[in-house]
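# Structure at a glance
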Amino acid sequence: MGNKMIHIDIEKLMHTAQGEMNLSIKASIRPGELITLFGPSGAGKTTLLRILSGLLNPDKGIVKFGETVWFDSEKKINLAPQQRDIGFMFQDYALFPNMTVEGNIFFAQKSKDIKAVEKLISVFDLNELRKRKPGKLSGGQKQRVALARALACKPQLLLLDEPLSALDAKMRMTLQDEIMQAHQLSGVTTIMVSHDLNEVFRLASLVISIENGIITKTGKPDEVFSSDSISGKVQITGQIARIEKKEIISTVTVISGSKQIIKVIAFDRDLENLKVGDQVMVFTKAFNPSITKLDKVQPHI
Amino acid sequence: MDIQFINTLLITFKLAFCTTVILVITGLPFAYWLTYTRTKMKPLIEALVSMPMVLPPSVIGYYMLMVYSPRNWFGAWISGIFDVRLAFTFEGVLIASVIFSLPFMVQPLHNGLCSLPASLREASWTLGKSKTTTFFRVLLPNIKPSIITAVALTFAHTIGEFGVVLMVGGNMPGETRVASIAIYDEVQSLNFDTANQYAFILFIISLALLTTIYSVNKTNGPWGIR
């Protein structure tokens, strides 16, 4: 299928809520990778996907897919989305409300291939839903249909815009498996936008971290996220719920996530700049848990 | 008398039907263009389309008469090439009524298209479908309630037209005399029975059309999802 290298070197001035920002991206992507674009919202991840798909034009630069030039501002080349042979899964899924589940998948095909549709329907477990309209599907079901539809046109490049953002943890896991399966099945180069660290570690063969319109880090998930701040020690972040002062020492109660409650012993000097409600990091040092305010440590998450 | 009565009703429906057909054919692409255009003239164009809703029909009728006049370049050109006179003819009334009903066709379609998420169009493009295929297979089926509203409103509004037809077409039996004018005419001649018959028919048809619109909009949610 699509064993073609993607070269991208573009610039685009973006008008964001925080003012103007220059998106400047230069990257080469090997065929067959499963890449996640990671970074805070407004960093330019979705914009980059839209530029790759041809739905948005950069101000200048080049986008090349193998030997095919998709965009070249100097030579005034700009292939329409229709000509780029991509599968795009939108954040809102964009299923066609007038078509049934199988209608959506059939519509995506270049030429009618019942066998391929049957295969997608069974891979994504859509058999019971095939005659339903998208209005009667749950979020997770819609997502599966959207993924199946994006694959139905046998794309050379699959672009997923925060595909799992609207789901609960359990559903996420199931669909992560499905994305992984779809990727292995088709071998298609896949680029997905994600906010979720778990997801990145489970799925990605390569992470591209984007901040303020530029690529800050590229590499395997371990490389990108294992920097100086995460050093193999146990670290838990949370919020101070209570500080109980005793004569020499105090106990600090930290709540992490929604359920985890940690009690940490702290001395007066530790407590100098801590108060209830502070975001803190609890970490082990010489086997004892210690506590520190979060703005001192710069985690990468 | 009876034949004239039927004739008048036939002309009324012929006018409404032709106006609606012409406006469906021209209004759909126009509404599409208006929805997605990025021209700076958009507010002006939107205002022009909506003008017939606020202008007195007599104003439009007056301008149409001016345009149709053989002393005017358009009227001269039309009569020169096609050998037709537009003032006080059915064709003249039809053109005027197409212009007069334009907002009733374009606005519901425009609103319907605006309510569709942009991603529907984009998704279809990324699946390799042309703009035309996307228009007919993705956009139109999802604004069905808007299309039904537009068609019914245009039809009902044309049936209810009075001022423009009177100005442009006059009151020529068998040619430009429509029911709304006939009512006026019959009342003037104190023929209340005939006026009553016309009025009742127009009342029932308009009621039926509006009931259709409201029941369609009630059973269909946004984008035609039931």
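For the structure itself, consult the block above.
Predicted model, so just to flag it, every value in this text is computed and none were measured. (Residues numbered from 1 in each chain as written. Chains lettered and ligands numbered in written order. Predicted model: local features only at pLDDT ≥ 70, side-chain atom pairs only at ≥ 80, totals over all residues. Heavy atoms only, no water.)

## What to know about the layout of surface pockets
Residues and elements named next belong to chain B. Size it by volume and the largest pocket reaches roughly 520 Å³. Per-element tally for the lining of the largest pocket: the top contributor is helix α6 (residues 118-126), with four residues. The residue inventory of the lining of the largest pocket, partitioned by class, reads ten nonpolar, four polar and five charged. (1 Å grid on protein atoms, 1.4 Å probe; cavity = no way out; pocket = protein on both sides within 12 Å on 5 of 7 lines; lining within 4 Å. Points joined across faces, edges and corners; volume = space filled by probe spheres on them. Helix = DSSP H or I, 4+ residues; strand = E, 2+ residues; numbered from the N terminus. Nonpolar A, V, L, I, M, F, W, Y, C, P; charged D, E, K, R; others polar.)

## A word on the pairing of strand β4 (residues 60-65) of chain A
All names here are of chain A. Judged by which residues are buried, β4 turns out to be one-sided: Gly 61, Val 63 and Phe 65 face inward and are buried, whereas Lys 60, Ile 62 and Lys 64, on the alternate face, are not. Of the strand pairs in this sheet, strand β1 (residues 6-16) and β4 are connected by six bridges, and their pairing is antiparallel. Looking at β4, one finds that His 7 is bridged to Lys 64. Counting the residues between successive antiparallel strands, the hairpin from β4 to strand β5 (residues 68-72) contains two residues, one of them, Gly 66, with a positive phi of roughly 60°. (Buried < 20%, exposed > 50% of the residue type's maximum accessible area, 1.4 Å probe, protein only. Pairing = 2+ DSSP bridges.)

## As for the side chain of Glu33(A)
All names here are of chain A. With respect to the helices, strands and loops of the structure, Glu 33 is situated in the loop between β2 (19-29) and β3 (34-38). Judged by its relative accessible area of 10%, Glu 33 is buried. At 3.1 Å, the side chain of Glu 33 forms a polar contact with the side chain of Arg 30. Each residue touching Glu 33, except ones within four places of it in the same chain, is listed here: His 183, Val 188, Thr 189, Thr 190, Ser 205 and Leu 206. (Polar contact = N/O pair within 3.5 Å; in protein donor to acceptor, adjacent residues only side chain to side chain. Contact = heavy atoms within 4.5 Å.)

## Quick notes on the pattern of salt bridges
Residue and element names in this part refer to chain B. One pass over the structure, following the stated rule, counts 13 salt bridges over all chains. When the shortest N-O distance is used, the salt bridge between Asp 185 and Arg 177 registers 2.5 Å. Residue classification places Asp 185 among the partly exposed positions, given a relative accessible area of 25%. Judged by relative accessible area, which is 4%, Arg 177 ranks as buried. Salt-bridge contacts for Glu 186 lead to Arg 177; the nearest nitrogen and oxygen are separated by 3.8 Å. (Salt bridge = Lys/Arg side-chain N within 4 Å of Asp/Glu carboxyl O.)

## Some points on the interface of chain B and chain A
Tallying the contact residues gives 20 residues for chain B and 20 residues for chain A. When the two sides are added together, the surface that chain B and chain A hide from each other amounts to roughly 1800 Å², 66% of it contributed by carbon and sulfur. Among the residues of chain B in contact with chain A, Glu122(B), Thr126(B) and Leu127(B) are the three that bury the most area, contributing 34% of the side total. Ionic pairing is found between Glu122(B) and Arg50(A), a salt bridge with its closest N-O pair at 2.7 Å. Counting across the interface, chain B meets chain A through seven residue pairs in polar contact (both at pLDDT 80 or more). Looking at the side of chain B that touches chain A, the elements with two or more residues in it are α6 and α7 (131-139) of chain B. If one sorts the elements of the side of chain B that touches chain A by residue count, α6(B) sits on top with seven residues. (Buried area = accessible area lost by both parts, 1.4 Å probe.)

## Here's the deal with unusual backbone geometry
Residues and elements named next belong to chain A. The phi angle at Lys 76 is positive, at roughly 55°, despite the residue not being glycine. For Lys 76, the position within the fold is in the loop between β5 and β6 (77-78). Despite not being glycine, Glu 162 has its phi angle at roughly 40°, a positive value. Here Glu 162 is to be found in the loop between β8 (157-160) and α5 (169-186).

## Some details on empty space enclosed by the protein
Residue and element names in this part refer to chain A. If you walk through the whole model with that rule in mind, you get two cavities of 30 Å³ or more. Considering only enclosed or pocket space, the largest cavity measures out at about 50 Å³ in volume. Looking at the largest cavity, the residues that line it are Ile 8, Ile 25, Ala 27, Ile 29, Leu 37, Leu 48, Leu 52, Ile 191, Ile 208 and Ile 215. Breaking the lining of the largest cavity down by element, the ones donating at least two residues are β2 and α1 (45-53). Counting residues per element, the lining of the largest cavity draws most heavily on β2, at three residues.

## Observations concerning the environment of Phe82(B)
Residue and element names in this part refer to chain B. For Phe 82, the location among the structural elements is in the loop between α4 (73-81) and α5 (90-115). The exposed category is assigned to Phe 82, whose relative accessible area is 53%. Separated by 124 residues in the primary sequence, Phe 82 and Ser 206 place their C-alpha atoms 36 Å from one another.

## Things to note about the nonpolar core
Residues and elements named next belong to chain A. Core analysis: the largest hydrophobic core is formed by 92 residues, its most contacted members being Ile 105, Phe 124, Leu 126 and Ile 191. If you tally residues by element for this core, the top one is helix α4 (residues 139-152), at seven residues. If we ignore the near neighbours within four places in the chain, the residues touching Leu 126 are Val 101, Ile 105, Ile 121, Arg 144, Val 145 and Ala 148. (Core = buried A, V, L, I, M, F, W, Y, C linked by side-chain atoms within 4.5 Å.)

## Remarks on the packing of aromatic side chains
Throughout the structure, instances matching the rule amount to eleven aromatic pairs over all chains. When the centroid spacing of 4.4 Å and the interplanar angle of 35° are considered together, the rings of Phe88(A) and Phe90(A) count as tilted. Judged on exposure class, the residue Phe88(A) and its partner Phe90(A) are both buried. Judged by centre distance (6.4 Å) and plane angle (15°), the ring pair of Phe13(B) and Phe155(B) falls under stacked. Of this pair, Phe13(B) sits in helix α1 (residues 2-36) while Phe155(B) is found in helix α8 (residues 144-159), placing the two residues 142 residues apart along the sequence. When its relative accessible area of 26% is taken as the criterion, Phe13(B) is described as partly exposed. One aromatic cluster in this structure is built from Tyr32(B), Tyr36(B), Phe135(B) and Phe136(B). Above the face of the Phe106(A) ring, Lys112(A) is positioned so that its terminal group lies 5.1 Å from the ring centre. Between Arg149(A) and the ring centre of Phe96(A), over which it is positioned, the NZ or CZ distance is 4.5 Å. (Phe/Tyr/Trp six-rings, centres within 6.5 Å; stacked < 30°, edge-to-face > 60°. Lys NZ or Arg CZ within 6 Å of the ring centre and 35° of its normal.)

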